[in-house]
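# Structural overview
The primary structure of each chain is shown beneath.
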Amino acid sequence: MTKVLVVDDDFMVAKLHCRYVSAVPGFSVVGVAHSGAEALAAAERLRPDLVLLDIFLPDMDGIAVLRELRATGPAVDALFITAARDADTIRSALRAGALHYLIKPFNQAALQEQLRHVASLRSRLDGLAAAEARQEDVDRIFGARPRGSRELPKGLAAHTAELVDSVLRAHPEGLSATECAEAGSLSRVSARRYLEYFAETGRAEVTLRYGGTGRPERRYRRLG
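Residues numbered from 1 in each chain as written. Predicted model: local features only at pLDDT ≥ 70, side-chain atom pairs only at ≥ 80, totals over all residues. Heavy atoms only, no water.

## Quick word on the overall build of the protein chain
Rules: Think of it this way: any DSSP run of H or I at least four residues long counts as a helix, any run of E at least two long counts as a strand, and we number them from the N terminus. By definition in these notes, contact holds between two residues if any of their heavy atoms fall within 4.5 Å. For the accessible areas, the method is Shrake-Rupley and the probe is 1.4 Å, while residue cover comes only from the protein chains on display.
Within the protein chain, the secondary structure is distributed over nine helices and eight strands. Contacts in the protein chain between residues at least 24 apart in sequence constitute 61% of all its contacts with a sequence separation of at least 6. Accessible area of the protein chain: about 12000 Å², with a carbon and sulfur share of 52%.

## A look at the pairing of strand 2 (residues 27-33)
The cut-off we apply is this: Here the rule is simple: two strands pair whenever DSSP picks up at least two bridges between them.
Note that strand 1 (residues 2-7) and strand 2 share six bridges and pair parallel. The residue bridging Lys-3 from the neighbouring strand is Ser-28, located in strand 2.

## A closer look at the environment of Ala-181
You can see Ala-181 is positioned in helix 8 (residues 177-184). Measuring from C-alpha to C-alpha, the distance between Ala-181 and Arg-192 comes to 8.2 Å, with 11 residues separating the pair along the chain. In contact with Ala-181, other than residues within four places in its own chain, are Leu-186, Ser-187, Arg-188 and Ala-191.

## Things to note about the sheet that holds strand 7 (residues 204-209)
Whether parallel or antiparallel, the strands of a sheet pair through hydrogen bonds between backbone atoms. Cut-off, in case you're wondering: Only the contacting stretch of a helix is used when fitting its axis, a line to C-alpha atoms as for every element, and angles between N-to-C directions run 0 to 180 degrees.
Across the sheet, three strands lie side by side as 6-8-7; this open sheet has antiparallel pairing. Each having just a single partner strand, strand 6 (175-176) and strand 7 make up the two edges of the open sheet. Pairing geometry for strand 6 and strand 8 (residues 217-222), over two bridges, is antiparallel. Bridged to Ser-176 within strand 8 is Arg-219. Seen against the sheet, helix 7 (residues 158-170) touches strand 6, strand 7 and strand 8 and runs at an angle of roughly 90° to strand 8.

## Remarks on the sheet that holds strand 4 (residues 77-82)
Across the sheet, which stays open at both edges, the five strands sit in the order 2-1-3-4-5 with parallel pairing between neighbours. Of all strands in the sheet, those with a lone pairing partner are strand 2 and strand 5 (100-103), marking the two edges. When the angles between neighbouring strand axes are averaged without regard to direction, this sheet yields 20°. With four bridges connecting them, strand 4 and strand 5 associate as parallel partners. Counterpart to Ile-81 in the pairing with strand 5 is Leu-102.

## Quick look at the environment of Val-138
Note the cut-off: The buried label goes to any residue with under 20% of its type's maximum accessible area, the exposed label to any with over 50%, and the partly exposed label to all in between, with areas taken from a 1.4 Å probe on protein chains only.
Looking at the secondary structure, you find Val-138 in helix 6 (residues 135-141). Residue classification places Val-138 among the partly exposed residues on the basis of a relative accessible area of 28%. Along the primary structure Val-138 and Leu-125 are separated by 13 residues, whereas in three dimensions their C-alpha atoms are 9.2 Å apart.

## Describing the nonpolar core
Filter applied, for reference: Grouping buried Ala, Val, Leu, Ile, Met, Phe, Trp, Tyr and Cys residues that are joined through side-chain atoms within 4.5 Å yields what is termed a nonpolar core.
The biggest cluster of nonpolar side chains holds 22 residues, and the ones touching the most others in it are Val-7, Val-51, Leu-53 and Phe-80. Elements with a minimum of two residues in this core: strand 1, helix 2 (36-46), strand 3 (50-53), helix 3 (62-72), strand 4 and helix 4 (87-96). With four residues, helix 3 is the largest single contributor of residues to this core. Once residues within four sequence positions are removed from consideration, Leu-53 is found in contact with Val-7, Gly-62, Val-65, Leu-66, Leu-79, Phe-80 and Ile-81. Ranked by size, the runner-up nonpolar core spans 20 residues in total, among them Val-21, Phe-27, Leu-79 and Phe-106.

## Thoughts on helix 2
Test applied: Along the arc lie the directions from the helix axis toward the C-beta atoms.
Buried residues of helix 2: Gly-36, Ala-39, Ala-42 and Ala-43, and no others. Down the axis of helix 2, the buried set is contained in an arc of 125°. They therefore lie on one face. Packing partners of the buried residues in helix 2 comprise strand 1, strand 2 and helix 3. Following helix 2 by one or two positions, Arg-47 has its phi on the positive side, about 50°.

This is how it looks when you write it as structure tokens:
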């Protein structure tokens, strides 16, 4: 279970983010803070794995909070959620060690996709704990970040992507494009497009199953 601390000066926004987080399997909100000082104290007390951090706080900015956490507090990852759009702030967030940066407003799917990326990253890092890393392992960890539901390629729709993702979740053993199409009431061509997109962006892996004549069957399994 990934423990999350939600930090936002707006009480209603913080409550909404808590609801989004709680809807993702494997994530639990352990605390809420509405200022930088509260965030630092809560992180020390609750030892979260991930902080959802706003930039605009009443006493100090979120980047200063993250730097303070990194300097004196427990080891923690951070995902910035803010209305700040200027390049200097985004650059500072990256250099402070943020995993990602979501600009308000965004939809529930956008945040939840980032949380699934965090879960996948933590799983990959845990897998390296007992062995030396290969370059391909490192490449996967430092590879492309998720595009986000608002940044789907032209021709792909967020609601269909969520449907295909839910089908993958329901079949952890993996499935073919034909099986995905049947489970999601989609055309095979459409299911294949989304599955290939997930594979390209690191959300799914592809294996080949050989048998009989003709081409091997491509099977897709969700990662994270």
